[in-house]
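In case you want the letters, here they are:
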Amino acid sequence: MNPFIAEFIGTAILLLMGTGVVANVLLPGTKGHAGGLMAITTAWALGVFCGVVVAGPYSGAHLNPAVTVGLGIVGKFEWALAPGYILSQILGAMTGSFLAWLMYRDHFDLEKDPLLKRAPFCTDPAIRNFNTSLTSEIIGTFVLILVILYIAGAKLEDPTGTPIGLGSIGALPVALLVWVIGLSLGGTTGYAINPARDLGPRIMHQILPITGKGSSDWGYSWVPIVGPIIGSALAAGLYLVVGA
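The structure displayed is predicted, hence computed values, not measured ones.

Considering the pattern of salt bridges
Evaluation of the coordinates by the stated rule reveals four salt bridges. Here Arg118 and Asp124 are joined by a salt bridge, their closest N and O atoms 3.4 Å apart. A residue is classified by how much of its surface remains accessible, and Arg118, at 8% relative accessible area, is buried. The shortest N-O distance in the salt bridge between Arg202 and Asp198 comes to 2.8 Å. Remark: Asp198 and Arg202 occur in helix α8 (residues 195-207); sequence separation between them is four residues, near one turn of the helix.

Here it is as structure tokens:
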């Protein structure tokens, strides 16, 4: 195990749980069909819990480029490691969403609506307004990063130099944070708040042989990438101004 493998595995687990619950709730014939928003937000939060438990002791369990960027801005993460972390996160997200599709592929085949076939993979705005969607992703990620910084103190090493980062606070507080963001702020865009969470699965939707899948909606794909990065930078900037 090393930090990059930890980020890959942790993000893969997160996306397996997250993509899986959306497929379970939306696709026809599943045991969890029509389970609703509470099921989706809860499983995403617990997916974060699972990913942080695995990756925390080795990488700090960023699992999200926005977290990596935010910690880099506040000076608590080496920028030289950021490309490897972010690549690991994207590849992990691709892998997790692939495994969820593999599990639910028969139900994907039953679904006729291409939008519902795409929904487990990537976010889609409730109302297609780029300005509103971008604002939503900025605000949601701002809350995520600011609270993480204050919970964790943005510390990535113990006195011996062992990386602990977000894992030092335990997995549950971050999971609860993601849960409340989903319940409160997820209604407009589906709360990506994580560029890897949206980009990796969207790539898989593009390349997987899903019958009748329709467009991967690359015209919208920049919103869940740019919005979270801006939100992260704003949260980090406020943290630097206000202080711990």
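Notes on the environment of Ala43
Along the chain, Ala43 turns up in helix α2 (residues 37-59). Through-space distance from the C-alpha of Ala43 to that of Ala175 is 9.7 Å; in sequence the pair is 132 residues apart. Residue contacts for Ala43: discarding those within four places in its chain leaves Met17 and Val21.

Some remarks on the environment of Gly200
By the element assignment, Gly200 lies in helix α8. Its relative accessible area of 0% is what places Gly200 among the buried residues. A C-alpha to C-alpha distance of 25 Å links Gly200 and His33, two positions 167 residues apart in sequence. Those residues in contact with Gly200 that lie beyond four places of it in its chain are Ile90, Ala93 and Met94.

Notes on the UniProt feature "transmembrane region" (unreviewed entry) in the chain
UniProt annotation of "transmembrane region" (unreviewed entry) refers to residues 6-27, 34-55, 86-104, 134-152, 164-185 and 222-242 when read in the numbering used here. Secondary structure over residues 86-104 splits into 100% helix and 0% strand, and the C-alpha atoms at its two ends are 27 Å apart. As annotated, residues 222-242 has a helix share of 95% and a strand share of 0%, and its two end C-alpha atoms lie 30 Å apart.

Details of the side chain of Lys213
Mapped onto the fold, Lys213 is located in the loop between α8 and α9 (223-242). For the buried residue Lys213, which engages in no salt bridge, the nearest side chain bearing the opposite charge is Asp109, 11 Å off. At a separation of 2.7 Å, a polar atom in the side chain of Lys213 contacts the main-chain carbonyl oxygen of Gln206. Here the side chain of Lys213 touches Leu208 through a polar contact of 2.7 Å, landing on its backbone oxygen. Apart from the residues lying within four places of it in its own chain, the contact partners of Lys213 are Pro114, Lys117, His205, Gln206, Ile207 and Leu208.

Brief notes about the nonpolar core
The biggest cluster of nonpolar side chains holds 37 residues, and the ones touching the most others in it are Val21, Trp44, Leu144 and Ile145. Among the elements of the structure, α1 (3-26), α2, α3 (65-73), α4 (82-110), α6 (130-152), α7 (171-185) and α9 are those that each provide at least two residues to this core. Listed in part, the 13 residues of the second largest apolar core include Ile90, Phe108, Ala196 and Leu208.

Here we look at the packing of α1 against α4
As a packed pair, α1 and α4 sit with axes 6 Å apart at the nearest point and diverge in direction by 30°. As for the relative orientation of α1 and α4, their crossing is right-handed in sense. The residue makeup of the contact of α1 with α4, split by class, is 14 nonpolar, 11 polar and one charged.

Rules used throughout
- Residue numbers here run from 1 along each chain, matching the order of that chain's written sequence.
- With pLDDT at 70 or above as the cut-off, local features in this predicted model cover only qualifying residues; side-chain atom pairs require 80 or more to be listed or tallied, and sums for whole chains, interfaces and linings still use all residues.
- Excluded from the side-chain calculation are hydrogens and water; included are all heavy atoms of the structure.
- Here, a salt bridge means any side-chain nitrogen of Lys or Arg that lies within 4 Å of a carboxyl oxygen of Asp or Glu.
- Accessibility here uses a 1.4 Å probe with only protein chains present; expressed as a share of the type maximum, an area under 20% marks a residue as buried, one over 50% as exposed, and anything in between as partly exposed.
- Segments assigned H or I by DSSP are reported as helices when at least four residues long, segments assigned E as strands when at least two residues long, and all are numbered from the N terminus.
- When checking whether two residues touch, look at their non-hydrogen atoms; a contact exists if any pair is within 4.5 Å.
- UniProt positions are given in the numbering used here, feature names are shortened, and annotations may be inferred rather than shown by experiment.
- Counting rule for charge: Lys and Arg are taken as positive, Asp and Glu as negative, and neither His nor the chain ends is counted.
- Here a polar contact means two N or O atoms within 3.5 Å. Within protein one must be a hydrogen donor candidate and the other an acceptor candidate, and residues neighboring in sequence count only if both atoms are side-chain atoms.
- Here, nonpolar core refers to any group of buried Ala, Val, Leu, Ile, Met, Phe, Trp, Tyr and Cys residues whose side-chain atoms link them within 4.5 Å.
- Only the contacting stretch of a helix is used when fitting its axis, a line to C-alpha atoms as for every element, and angles between N-to-C directions run 0 to 180 degrees.
- By convention the crossing between two helices is left-handed if the near helix lies anticlockwise of the far one by an angle smaller than a right angle, and right-handed if it lies clockwise.
- Each residue is assigned to one of three groups, with Ala, Val, Leu, Ile, Met, Phe, Trp, Tyr, Cys and Pro labelled nonpolar, Asp, Glu, Lys and Arg labelled charged, and all others, Gly among them, labelled polar.

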